[in-house]
2 protein chains.
Amino acid sequence: MQFSIGVEYALHSLLHMVDLPSGKPIGVKELGLFNGISETYLSKVFTKLRKAGIVRSLPGVNGGYELARRPEEISFWDVIEAVEGASPIFQCAEIRQNNILVDKDNLPDSFSKCPCLIKVVMLEAEAQMRQYLANKSLSWLSHELRNKLPEDLNHSIDDWFKDVLTK
Amino acid sequence: MQFSIGVEYALHSLLHMVDLPSGKPIGVKELGLFNGISETYLSKVFTKLRKAGIVRSLPGVNGGYELARRPEEISFWDVIEAVEGASPIFQCAEIRQNNILVDKDNLPDSFSKCPCLIKVVMLEAEAQMRQYLANKSLSWLSHELRNKLPEDLNHSIDDWFKDVLTK
DNA sequence: CTATTATAGATAACAATTATCCACAATATC
DNA sequence: GATATTGTGGATAATTGTTATCTATAATAG
């Protein structure tokens, strides 16, 4: 049970879009090159991010993607949900209905009234994780890394993107 | 991204082992039949549960499995970890090392000193979920269901297992 | 008009999950 | 001791999901 690698691609890419000058979209090609990851797969990931309203696309020459909202308002969970889809981690298969004592075509009232308790526990556990991730924003991540990475690396990164955008 | 169906199989099966008389193991065949799920796959799941020390096996005629610890001391998380394995949900691929500005064979100090911050966030999020699940025990689940399910269904369940064990 | 970029669909390569089968070891019962 | 039952471990098949690529198309800046 794992998150898709697409989540990691998305976060590492979106991170660097925080500080780009507005009105200057960045292409999937550049983001893929910068991160050393598959460009074509990354383009699929960005299509999902766009459909989720996290980024905005600008087709055509010098086009690309830019953040569709302020980075304070883009959380880790927003990104995960966009890339992974909204379905829960624990997909209850309702096997209680397979129980030998239960008639599937005529379920007892207690089943329609109460959801499977195991499912309830799992969903609540997932909600705990979700809450934590919904409180970590892209802008927080960006600031933390500016503080933690060495000055010169931050500088090289800034320069690289400045270079690419003025090509 | 989803938990294996094996987790659901395990929880639904272990649940009914809580109230069995001690010294009376129950077979995978019976548990599979009772829950209406694949017996052969369930046997693989129980092998994992045994290796994790959650159940104890007794081979031979009238053999089967029984809980290896008190149900108060078996948590949802114990079961998940046994079935899914202990590897984290977010398997950081360290793509920061692929970065075009980074020499993979000569990583900057900041990389060896600090783990990828995105990974740190994800692991902490998983820890939130884990903590919740580590606090829900098999005995809690069993008691809750005894209260919530209708009297007659609880009774039929008890009868079914009593029947099977005295065959 | 042309080059560039995102979009969408098809599809391939690969990996993981789910499920089954078989040979074998252990054990209760007769 | 013979036999039937039950777990064990390995091999494998069927199915599904993930990751990655390619192609054709639409949009747009210059």
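Throughout, residues of each chain are indexed from 1 in the direction in which the sequence is written. The lettering of chains begins at A and the numbering of ligands begins at 1, in the order of writing. Per-residue local features of the predicted model are confined to residues with pLDDT of at least 70, and side-chain atom pairs are confined, for both listing and counting, to 80 or more; whole-chain, interface and lining totals are unaffected and use all residues. To get the side-chain values, all heavy atoms of the structure are used, and hydrogens and water are removed first.

For this purpose, a residue is taken to be near a molecule or strand whenever a single non-hydrogen atom of the residue falls within 4 Å of it. The environment of DNA strand C is formed by 27 residues, the closest being Lys44(A), Arg50(A), Tyr65(A), Ser4(B) and Ser38(B). Of everything in DNA strand C that lies within 4 Å of the protein, sugar and phosphate atoms constitute 66%. Polar contact is the term for a pair of N or O atoms within 3.5 Å; when the atoms are in protein, one must be able to donate a hydrogen and the other to accept it, and sequence-neighboring residues count only if both atoms are side-chain atoms. Residue Val28(A) places a main-chain N or O atom 3.1 Å away from a phosphate oxygen belonging to DNA strand C. Tyr41(B) is positioned such that a nitrogen or oxygen atom in its side chain is 3.1 Å from a phosphate oxygen of DNA strand C. Note on conventions: DSSP H or I runs of at least 4 residues are helices, E runs of at least 2 residues are strands, and numbering of each starts at the N terminus. At the level of elements, helix H3 (39–51) and strand S2 (64–67) of chain A together with helix H1 (5–17) and helix H3 (39–51) of chain B are the ones that each hand at least two residues to the surface near DNA strand C. Ranked by residues supplied to the surface near DNA strand C, first place goes to H3(A) with 4 residues. A breakdown of the residues in the surface near DNA strand C according to their chemical character gives 10 nonpolar, 12 polar and 5 charged. Each residue gets one label: Ala, Val, Leu, Ile, Met, Phe, Trp, Tyr, Cys and Pro are nonpolar, Asp, Glu, Lys and Arg are charged, and the others, such as Gly, are polar.

Attention shifts here to the pattern of salt bridges. All names here are of chain B. By definition here, a salt bridge exists when the distance from a side-chain nitrogen of Lys or Arg to a carboxyl oxygen of Asp or Glu is within 4 Å. Enumeration according to the criterion identifies 18 salt bridges over all chains in this entry. Note that arginine 96 and glutamate 94 form a salt bridge whose closest N and O atoms lie 2.9 Å from each other. Considered together, arginine 96 and glutamate 94 belong to a single accessibility category, that of buried residues. In this structure, arginine 130 and glutamate 126 form a salt bridge, with 3.9 Å as the shortest nitrogen-oxygen distance. The classification of residues rests on relative accessible area computed with a 1.4 Å probe and restricted to protein chains. Under 20% of the type maximum is buried, over 50% is exposed, and intermediate values are partly exposed.

Another point: the relation of the copies chain A and chain B. Superposing chain A onto chain B takes a rotation of 180° combined with a translation of 0.0 Å along the rotation axis, leaving an RMSD of 0.0 Å. Here the transformation between the copies is reduced to the relation of a two-fold axis. Distance from the rotation axis, computed per C-alpha, reaches its smallest value in chain A at Met129(A): 2.5 Å. Here, residues are in contact when the closest pair of their heavy atoms is within 4.5 Å. Mapped onto chain B, 100% of the interface residues of chain A again fall at the interface, so both copies present the same surface. Here the copies were fitted onto each other by least squares, based on C-alpha atoms from residues at pLDDT of at least 70 in both.

Attention shifts here to the interface of chain A and chain B. Between chain A and chain B, the residue contacts involve 56 residues of the former and 56 residues of the latter. Here chain A is connected to chain B by 0 salt bridges. Between the two partners, chain A and chain B, sit 10 residue pairs in polar contact (both at pLDDT 80 or more). Here the element with the most residues in the side of chain A that touches chain B is helix H6 (residues 117–134) of chain A; it accounts for 11 residues. Grouping the constituent residues of the side of chain A that touches chain B by class yields 37 nonpolar, 10 polar and 9 charged.

What follows is about the protein's contact with DNA strand D. Not every one of the 27 residues close to DNA strand D is listed here, only the nearest: Ser4(A), Ser38(A), Lys44(B), Arg50(B) and Tyr65(B). The share of sugar and phosphate among atoms of DNA strand D within 4 Å of the protein is 65%. Within the backbone of Ile5(A), an N or O atom sits 3.1 Å from a phosphate oxygen of DNA strand D. Contact between DNA strand D and Val61(A): a base oxygen at 3.4 Å from a main-chain N or O atom of the residue. Secondary structure elements with two or more residues in the surface near DNA strand D: helix H1 (5–15) and H3 of chain A together with H3 and strand S2 (64–67) of chain B. The element contributing the most residues to the surface near DNA strand D is H3(B), with 4 residues. Residues that form the surface near DNA strand D fall into these classes: 10 nonpolar, 12 polar and 5 charged.

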